[in-house]
Amino acid sequence: MKISEVFLELFQTSGFANITWRELVMLVVACVLLYMAIAKGFEPLLLTPIAFGILLANLPMANLMYDATAEGGQWWQSGLLQIIYSGERSNLFPCLIFMGIGAMTDFGPLIANPTSLLLGASAQFGVYIAFIGARATGLFTAPEAAALGIIGGADGPTSIYLSNALAPHLTGPIAVAAYSYMALIPLIQPPIMKLLTTEEERKIQMQQLRRVSKAEKIVFPIFVTVFTALLLPDVAPLIGMLMLGNLFKESGCTDRLSDTAQNAMCNIVTILLSVSVGATTNGQTFLQIRTLAIVVIGLLAFSFSTAGGLIFGKIMCKVTGGKVNPLIGSAGVSAVPMAARVAQKVGAEANRHNFLLMHAMGPNVAGVIGTAVAAAYFMRVFG
Amino acid sequence: MQEILSPMPGNVFEIKVNVGDKVEDADVVIVLEAMKMEIEVVAPCAGTVESITVKKGDVVDTNQVLGTIK
């Protein structure tokens, strides 16, 4: 065999000769997301591994998402990303992420101000709007529309959990849309917040929350787990892990476990979950009209949820005679703590003496529970 | 004299001023870290920093005095 033939064969079996336009588009999408994460700083901890997962999964001939079990093989004969993806598909990763979130989260603001639950609930408005909108397009069945709508809750693990149950074939685009919008919260929310509130409302300084006792913080995760799991057994894994992580944090006698859950474990699972979320974006199945619809409807869901929280925040502002800053309503979408951080930032822009963070954490953590409840409702109806 | 109060529980991440520094109303004087976020604590009024009662890494609670401005 001539040396030129060797090179020709090498070229013909390489990715360069086999790459499709769809894979090229996905590689460009991955690079844009990497640019936004690294150069623009949009939630780089999430967006970098997601974007790199997209990049890896769309390299032709590499077979990183090859599923050997589909052809009767063993699981360990599958591609690397397919093996990692099993942790997402089985809901293991979303539940472990929830444990990490629980260990990081201070539920004190919610316990101190239980009316935050109303803001967290009203910020699920977009979930139901998106569900109705998705059905109206005629592109999605009711279970698919429900899985899509939950993007409005801005909760990545819950989005994956619900789509695994109701529309596993859509988990990839739904997860990418949910995580991308969570990463873009600092861009998406402020214009809506400024549009729906007045300068005077944004300037409102809220009174300090009451001090929450240690006993209350210990009883809270136990009570919520038992109550929610009895009421909505479908979300017991998610809420159970969330509250276990929180109990590690609040009990005062499991500091090592709390530290591991919120740092080492959460970081490891974030890497695995984010890479496998990105890896589900195969160019062949991703570049379809339905995926585009998921991206558009997901953005509407997210925007309507933000608006729902803000509008209820304005109602609470009126009812309390101006004691509630409506901006905290936008944190009712459950991206913890990004949404609360945005409320803090927009509030501080209007009034530098404004500290809305802890007030916004109440609706923010209530939103986590609210989105899980919305997911449980959909699972009960369509599961 | 005005006290600089911590708006929330957290750790002292950075102290931006020294005793004797002149500050304007709403200048950032201390940065706290809480729930993996950096929170800027601003001067409650214009004046001179009279005291800083915390150091980097300290755990502070809501309404704890972080310093004073005269």
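Residues numbered from 1 in each chain as written. Chains lettered and ligands numbered in written order. Predicted model: local features only at pLDDT ≥ 70, side-chain atom pairs only at ≥ 80, totals over all residues. Heavy atoms only, no water.

(A) Layout of the overall build of chain B. A tally of helices and strands in chain B yields zero helices and eight strands. Compactness check: chain B gives a C-alpha radius of gyration of 11 Å against a globular reference of 11 Å for 70 residues, within 12% of the reference. For chain B, with 70 residues in total, the buried portion stands at 43%. Pairs at least 24 apart in sequence give 54% of the contacts found in chain B among residues at least 6 apart. When the accessible area of chain B is evaluated, it comes to approximately 3,500 Å², of which 48% is carbon and sulfur surface. Side-chain charges of chain B comprise 6 positive and 12 negative groups, with the mean position of each set lying 6 Å from the other. (Helix = DSSP H or I, 4+ residues; strand = E, 2+ residues; numbered from the N terminus. Rg over C-alpha atoms; globule rule 2.2 N^0.38 Å. Buried < 20%, exposed > 50% of the residue type's maximum accessible area, 1.4 Å probe, protein only. Contact = heavy atoms within 4.5 Å. Areas by Shrake-Rupley, 256 points an atom, 1.4 Å probe, with all protein chains shown as cover. Lys, Arg positive; Asp, Glu negative; His and termini not counted. Charge placed at Lys NZ, Arg CZ, Asp CG, Glu CD.)

(B) Examining the side chain of Gln124(A) more closely. Position of Gln124(A) relative to the elements: it lies in the loop between helix 8 (116–122) and helix 9 (125–137). Among the polar contacts made by the side chain of Gln124(A), one reaches the main-chain carbonyl oxygen of Gly120(A) at a distance of 2.9 Å. (Polar contact = N/O pair within 3.5 Å; in protein donor to acceptor, adjacent residues only side chain to side chain.)

(C) Molecular detail of a nonpolar patch on the surface. Residue and element names in this part refer to chain A. On the surface, Phe-125, Leu-139, Ile-289, Leu-292, Val-296, Leu-300 and Phe-304 cluster together to form a nonpolar patch covering roughly 630 Å² of accessible area. Sort the elements by how many residues they give to the nonpolar patch and helix 19 (residues 289–319) lands first, with five residues. Following the sequence through the fold, Phe-125 ends up in helix 9. (Patch = residues over 30% accessible without salt bridge, like charges linked within 9 Å, V, L, I, M, F, W, Y side chains within 5 Å. Salt bridge = Lys/Arg side-chain N within 4 Å of Asp/Glu carboxyl O.)

(D) How the structure looks around the packing of aromatic side chains. Residue and element names in this part refer to chain A. Applying the stated criterion across every chain yields a total of nine aromatic pairs over all chains. With centroids separated by 5.8 Å and ring planes inclined at 50°, the aromatic side chains of Tyr-128 and Phe-378 adopt a geometry described as tilted. Here Tyr-128 is found in helix 9, whereas its partner Phe-378 is found in helix 21 (residues 357–382), with 250 residues between them in sequence. We classify Tyr-128 as partly exposed; its relative accessible area is 33%. On the basis of an interplanar angle of 50° and a centroid distance of 5.9 Å, the ring pair of Tyr-377 and Phe-378 is categorised as tilted. Classification of Tyr-377 by relative accessible area gives partly exposed; the value is 46%. Grouped by ring-pair contacts, the aromatic residues Tyr-128, Phe-131, Tyr-377, Phe-378 and Phe-382 constitute a single cluster. (Phe/Tyr/Trp six-rings, centres within 6.5 Å; stacked < 30°, edge-to-face > 60°.)

(E) Seen up close, the nonpolar core. Residues and elements named next belong to chain A. Counting residues in hydrophobic clusters, the biggest one holds 136 residues, and the most contacted among them are Phe-107 and Phe-140. Per-element tally for this core: the top contributor is helix 21, with 14 residues. The residues touching Phe-107, leaving out its near neighbours within four places in the chain, are Phe-220, Leu-242, Met-243, Asn-246, Val-365 and Ile-369. (Core = buried A, V, L, I, M, F, W, Y, C linked by side-chain atoms within 4.5 Å.)

(F) Expanded view of the interface of chain A and chain B. With 15 residues of chain A at the interface, the matching set in chain B holds 19 residues. Counting the surface lost from both chain A and chain B, the interface buries some 1,500 Å², and carbon and sulfur atoms represent 66% of this. Between chain A and chain B we count two salt bridges in total. A salt bridge links Arg352(A) to Glu40(B), with the nearest nitrogen and oxygen atoms 3.4 Å apart. Put simply, chain A and chain B have four residue pairs in polar contact (both at pLDDT 80 or more) between them. Elements represented by at least two residues in the side of chain A that touches chain B include exactly helix 17 (255–279), helix 20 (338–350) and helix 21 of chain A. For the side of chain A that touches chain B, the element with the highest residue contribution is helix 21 of chain A, accounting for three residues. (Buried area = accessible area lost by both parts, 1.4 Å probe.)

(G) Structural view of the pairing of strand 6 (residues 47–52) of chain B. Residues and elements named next belong to chain B. Here two bridges tie strand 3 (residues 22–23) to strand 6, and the two strands are oriented antiparallel to one another. Note on strand 6: the bridge partner recorded for Lys-22 is Thr-48. Pairing analysis gives three bridges linking strand 6 to strand 8 (residues 65–69), with the strands arranged antiparallel. Of the residues in strand 8, the one forming a bridge with Ser-51 is Thr-68. (Pairing = 2+ DSSP bridges.)

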